[in-house]
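Per-entry structural report
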Amino acid sequence: MEQAVNPRVFDWRKAWWWGVVYWAFYGAVEYALADTVAEWLRPEGTVPFTEYWLVGVAALAFWLLCGPPMAALCARIWFFVVPPRNTEEADARMTGSAVITVLAAFGLVLARRSQGLVPTVLALAVPVALAAVALIAGWNARWARWTWFVMNPVTLTVAVLLRPWMYFYVLPKGDAVVQISFSSLAFLSVLALSWLFFRGKPAGWGDRFPLAAAGCIVTAALILGFGSRARIPLPGTPADGARPHHPNVILITLDTVRADHLHLYGYPRQTTPQLEEFARQATVFRAAVSAADWTAPSHATMMTGLYALRHGVRYDYPDVRLGHIPRSAPTLAETLQHYGYRTAALVANRAYLAPEIGFGRGFDLYRVPATPVALENSRMPSVLRSTRLRLMGITGADLPYVSGTKMVDEAATLLGKWKLGQPAFLFMNLMDAHWPYNPPPPFRNRFVSPKKAWTSTEFYEMVKLVDEEKRTVTPEERRELVAAYDSGIAYADHELGRLFGMLRENGLFDNSLIIVTADHGEVFGERSLMEHGVSVYQDQVHVPLIVKYPGQHTRKDVDVTVSLVDLFPTVLDVIGAPAPRRLAGITLRKADQLGARPVYSESYALWQKWGVEERFADVERAVYLGGLKMVLTTRGRRELYDLAADPNETRDLIASKPEQAAQLERLLRTWQQNYVKPGDQELGMGQEAVDRLKSLGYVQ
C-alpha cells in the first residue's frame, strides 16, 4: 500500500463524503433539538407561522448542500499547504476539515449571540478547543488515532450541542455554579463513553453509522414535529362536573389600549368600527378602571379577583424580582376547570404573561405564540435557526409580538372543538397597540404618514430622557406616535371583527359571555411620562370594558366606575357559581350597587424605571368614589380630581375640597391596612424571563 499521498491527486469525492457525514449528523441532531424536542419541552412557545417550520427544513437542506463542498474545499487547501505523508494523515485532514467547518458555523452563531468579551470567550471555549484538536490530529497519524474518540461525528455533535442545550432547557437559570458543574460533568461523561467505543481507532472509522442515524433522526423529527404542531391538545370529552348548558366564557384583553382612544368612547378618529358593532348587543362600561398600570399585575387581578396589594404580582422597590400568583389564590381558569370547563389561552405578551408567573395555571392549553426572532433569542444557539431567519428575510427589527391576524387564526383552530358540548373558557391577549406601533398594511400609517421611521433604540432613548425630565415630546413627535398607536388599535379592532365572525359561524356567539377589555393605557409625554407602568393617571388606568352576556341582544351603557377586579365574580355570577369571599370585586350585573363602593388602582413602577428618576420608586395608589379620584403615594404626594368636570386631571382640588380629600384618604389607608402578604408568595421572574424581556424590548 502506498504510504505517501500526492496532493495533485486529491480525492474530491472522499473529501465531499466526509463533509456529508459530518453535516448530515450535526444538522439532523440540531434540527431535532431546535425544532422538535424544544417544542415538546415548551409547547406554549410555538411559532404560528407554517412557513417558518417549512423554511427550517429548507435551512437543513441548505447546509446539507453547502456544508460538504465547504469541507472539501477546506481539505484541499490543507492538502496544498502541507501535503500529508500517508493515507491516515490524509483521512485525518479530510475529517478534520469537516470538523472545522461545523465548528466555524456554530462558533459564528455563538459569537453573535454573546454580549461582551467574557461571555464570548466562555461560549467559544469548547468550539475553539475542538478545532485545535482537529488541527493537531491532521498533522500526525498517531494523534489522529487517539483523538478520534472526540473528532468522530457523533461525539463532536454531542460535545458541541450538549452544554448550550443544558443551559437553555435543563439546568436552573441564573445559578452559574450548578450550570458549570453539571454541564462539565455531562461533557466529561460523553467523552468517557466515547473513549470506550472509539479509542485508538483511525480517523474515519465507523463512517456509515452517523449517516444512517442522521436519516432516522431527521425523519422522526419531521414526522413528530409537524404532527405535534398540527394538533391542539384540548380534551374532547366532558370532564367531571361538566354542564353543557353553561355558557362559554371568552375574555379578550387588548394590551396597552386606553379607553379615550376608542371611537366607541368618543375619540374623533374611527379606530373601532368592529367594537361598535359588537357593542350593539353588549354592555359598555364607560368608566372602567384597571387595577394596575402595566401588564402583569393588571392581568393577575383579572385572573384572581384580587388587587395587586394582595396577589403580589408586582415589583416591590428595591426588590427587582417579580412575584408569582400565589397558590392560595385559585385562578379563574382553575375555578372554571372545577366547574367542568375546557380552558385555553392564546397569549401574545410573552414577557409578562409567561406561564411561570402563574398565568398558565388551570389551562388545558396555554399557548404563547412567538415570532421567529423572539424564538431565536430565547432558545439555544442554532445554526439552522439563524439560517432560517436569513432565508425568510427577518431581522431583529421585526415586530417582537405575534400579530392579531396570527392570534385569531390560532383561535380559529380551537373553535371547531367547542362544538362537542362541554363549555369552554378562552383567554386571548392581543399586542397590536403596543410599541413598536407597527401594524401591517393597510393599517400601517393609516392616520398619518410619518416623517421619521422610529427604531426601538431611538424610541427608548427618548422615553428615558422624557422620564428623566431632560427633554419633552415635540408636537410633531407626539402626532406621529399617537397616529401609529391609533393604527394599532384599528388593526386589533379589525381582527376582533374576524373573531366575532368566526364565533357566529360556529354557533358560539349568542350563548357566550364575551368580555373585551384592556390591561392598561399608554402615555405620550404628558407630565414628563412615557409608555405605561408609570402612574395611576387616567391615561394609564382608564380602560375600555365591553361585556356581552349570554343571550344579550341590545346595547346598555353603564356610567358608574367599575374595576377589572369585578371580572372574576361576574363570570361566576353568569355561570351560576358562588363567589368566594376572598374576591375583592362584585359582579358587574349588580349595577345598582356599583356606584356606592370605592374602586382602587395601583402603580408599582417597572424596576427598569427605578434608576431613571427617584419618583418611580414611589408606589402610587388611587381611590375612586362618587365621581372623585384621590391619588396618594408612599412618599406623601396627595392629589384630588373631579373626573366629571376634569377628565384629563389638570386641576388638583386637594386644597379646595379638604373634607372629601380626607374621607378618600381614610378609605385608601384603611384598604392598605387590610393587606396580608400571601404566605406562599413565590418569585416568578428569573434570569430566563429577564433575557426574554431584553429580546422583546422591555429591557435595553
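Every value quoted in this text rests on a predicted model; they were computed, and no experiment measured them. (Residues numbered from 1 in each chain as written. Predicted model: local features only at pLDDT ≥ 70, side-chain atom pairs only at ≥ 80, totals over all residues. Heavy atoms only, no water.)

This next bit is on the overall build of the chain. A tally of regular secondary structure across the chain gives 23 helices and 14 strands. In terms of C-alpha radius of gyration, the chain reaches 29 Å, essentially the compact-globule figure of 27 Å for 700 residues. Taken along its principal axes, the extent of the C-alpha atoms in the chain is 105 × 60 × 50 Å. Relative to its full complement of 700 residues, the chain shows a buried share of 58%. (Helix = DSSP H or I, 4+ residues; strand = E, 2+ residues; numbered from the N terminus. Rg over C-alpha atoms; globule rule 2.2 N^0.38 Å. Buried < 20%, exposed > 50% of the residue type's maximum accessible area, 1.4 Å probe, protein only.)

Here the focus is the nonpolar core. Counting residues in hydrophobic clusters, the biggest one holds 156 residues, and the most contacted among them are Phe-425, Phe-459 and Leu-545. For Leu-545, the residues in contact, after removing those within four places along its chain, are Tyr-265, Thr-283, Val-284, Phe-285, Ala-288, Ile-515, Val-516, Thr-517, Val-562, Leu-564, Leu-567 and Leu-588. Ranked by size, the runner-up nonpolar core spans 64 residues in total, among them Phe-79, Ala-92, Val-160 and Val-218. (Core = buried A, V, L, I, M, F, W, Y, C linked by side-chain atoms within 4.5 Å. Contact = heavy atoms within 4.5 Å.)

Three or four residues apart is the spacing at which side chains of an α-helix point the same way, because the helix has 3.6 residues per turn. Here helix 16 (residues 456–467) spans 16 Å end to end across twelve residues, near enough to the 16 Å set by a 1.5 Å rise per residue. Listing the buried residues of helix 16 in full gives Phe-459, Tyr-460, Met-462, Val-463, Val-466 and Asp-467. Each buried residue of helix 16 sits inside an arc of 155° when the element is viewed along its axis, so together they form one side. Those residues of helix 16 that are buried lie in contact with helix 17 (475–505), strand 8 (530–531) and helix 21 (607–610). Following helix 16 by one or two positions, Glu-469 has its phi on the positive side, about 60°. (Expected span 1.5 Å × (residues − 1). Arc of directions from axis to C-beta.)

This part takes up the pattern of salt bridges. Under the definition given, this model contains 29 salt bridges. Salt-bridge contacts for Glu-476 lead to Arg-479; the nearest nitrogen and oxygen are separated by 2.9 Å. With Glu-476 and Arg-479 both in helix 17 and three residues apart, this pair spans about one turn of that helix. The exposure class of Glu-476 is partly exposed, given its relative accessible area of 30%. Taking relative accessible area as the criterion, Arg-479 reaches 36% and is therefore assigned partly exposed. (Salt bridge = Lys/Arg side-chain N within 4 Å of Asp/Glu carboxyl O.)

Now for the sheet that holds strand 13 (residues 628–633). Strand pairing in a sheet relies on backbone hydrogen bonds. The paired strands run either parallel or antiparallel. Sheet architecture is open: four strands sit in the order 11-12-13-14, paired in antiparallel fashion. Two strands lie at the open edges of the sheet, namely strand 11 (599–603) and strand 14 (638–642), each paired on one side alone. Ignoring which end each strand starts from, the neighbouring axes of this sheet average 15° apart. In the sheet, strand 11 pairs with strand 12 (residues 620–625) via five bridges, with the strands oriented antiparallel. Considered in strand 12, the bridge of Tyr-600 is made with Val-623. The sheet contacts of helix 22 (residues 658–673) involve strand 11, strand 12, strand 13 and strand 14, and relative to strand 13 the element is tilted by about 55°. (Pairing = 2+ DSSP bridges. Axes fitted to C-alpha atoms, helices over the stretch in contact; angles between N-to-C directions.)

Time to look at helix 8 (residues 208–229). For helix 8, spanning 22 residues, the distance from its first C-alpha to its last is 32 Å, which sits close to the expected 32 Å at 1.5 Å a residue. Those residues of helix 8 hidden inside the fold are in contact with helix 1 (12–41), helix 2 (50–81) and helix 6 (153–170).

Tracing the sequence through the fold places Asp-432 in the loop between strand 5 (424–430) and helix 16. Despite its burial, Asp-432 remains without a salt bridge, the nearest opposite charge being carried by Arg-498 at 9.6 Å. Looking at Asp-432, its side chain comes within polar contact range of the main-chain nitrogen of Gly-404, at 3.0 Å. Apart from the residues within four sequence positions on either side, Asp-432 is in contact with Val-402, Ser-403, Gly-404, Gly-488, Tyr-491 and Ala-492. (Lys, Arg positive; Asp, Glu negative; His and termini not counted. Polar contact = N/O pair within 3.5 Å; in protein donor to acceptor, adjacent residues only side chain to side chain.)

Within the open sheet, the eight strands sit side by side as 4-3-5-1-6-9-2-10. Their pairing is mixed. Looking along the sheet, the strands with just one partner apiece sit at the ends: strand 4 (365–367) and strand 10 (556–563). For this sheet, the mean inter-axis angle between neighbouring strands, taken without regard to orientation, is 15°. With three bridges connecting them, strand 3 (residues 342–347) and strand 4 associate as parallel partners. When the bridges of strand 4 are listed, Ala-344 appears paired with Leu-365. The sheet contacts of helix 19 (residues 567–575) involve strand 1 (248–254), strand 6 (512–517), strand 9 (545–548) and strand 10, and relative to strand 6 the element is tilted by about 165°.

Quick look at the packing of helix 4 (residues 117–139) against helix 5 (residues 141–151) now. Between helix 4 and helix 5, whose axes approach to 7 Å, the crossing angle comes to 150°. Note on packing geometry: the crossing formed by helix 4 with helix 5 is left-handed. Seen from helix 4, the contacting residues are Leu-130, Val-133, Ala-134, Ile-136, Ala-137 and Trp-139; seen from helix 5, they are Ala-141, Trp-143, Ala-144, Thr-147, Val-150 and Met-151. Looking at the contact of helix 4 with helix 5, its residues break down into eleven nonpolar, one polar and no charged. (Left-handed = near helix turned anticlockwise from the far one by under 90°. Nonpolar A, V, L, I, M, F, W, Y, C, P; charged D, E, K, R; others polar.)

Once that is clear, we can look at the confidence of the model for the chain. Averaged over the chain, the pLDDT score is 86; the fraction of residues at 70 or greater is 90%. Low confidence marks residues 1–5, where pLDDT is under 50. Its contacts with residues over four positions away, or in another chain, come to twelve contacts. With pLDDT under 50 throughout, residues 236–242 is counted as low confidence; its partners more than four residues away or in other chains account for twelve contacts. (pLDDT = per-residue confidence, 0-100.)

Here, disulfide denotes a covalent bond that connects the sulfur atoms of two cysteines. Counted by the stated rule, this structure contains zero disulfides. Of all cysteine sulfurs in the structure, the one in Cys-74 sits closest to Cys-66, which takes part in no disulfide; the separation is 15 Å. By relative accessible area, which is 28% here, Cys-66 ends up partly exposed. (Disulfide = S-S within 2.5 Å.)

Once that is clear, we can look at the side chain of Ser-382. You can see Ser-382 is positioned in the loop between helix 13 (372–378) and helix 14 (383–392). For Ser-382, a relative accessible area of 0% corresponds to the buried category. A polar contact is formed between the side chain of Ser-382 and the side chain of Glu-30, at a distance of 3.2 Å. With near-sequence residues (within four places) excluded, Ser-382 lies in contact with Glu-30, Ala-34, Val-109 and Glu-376.

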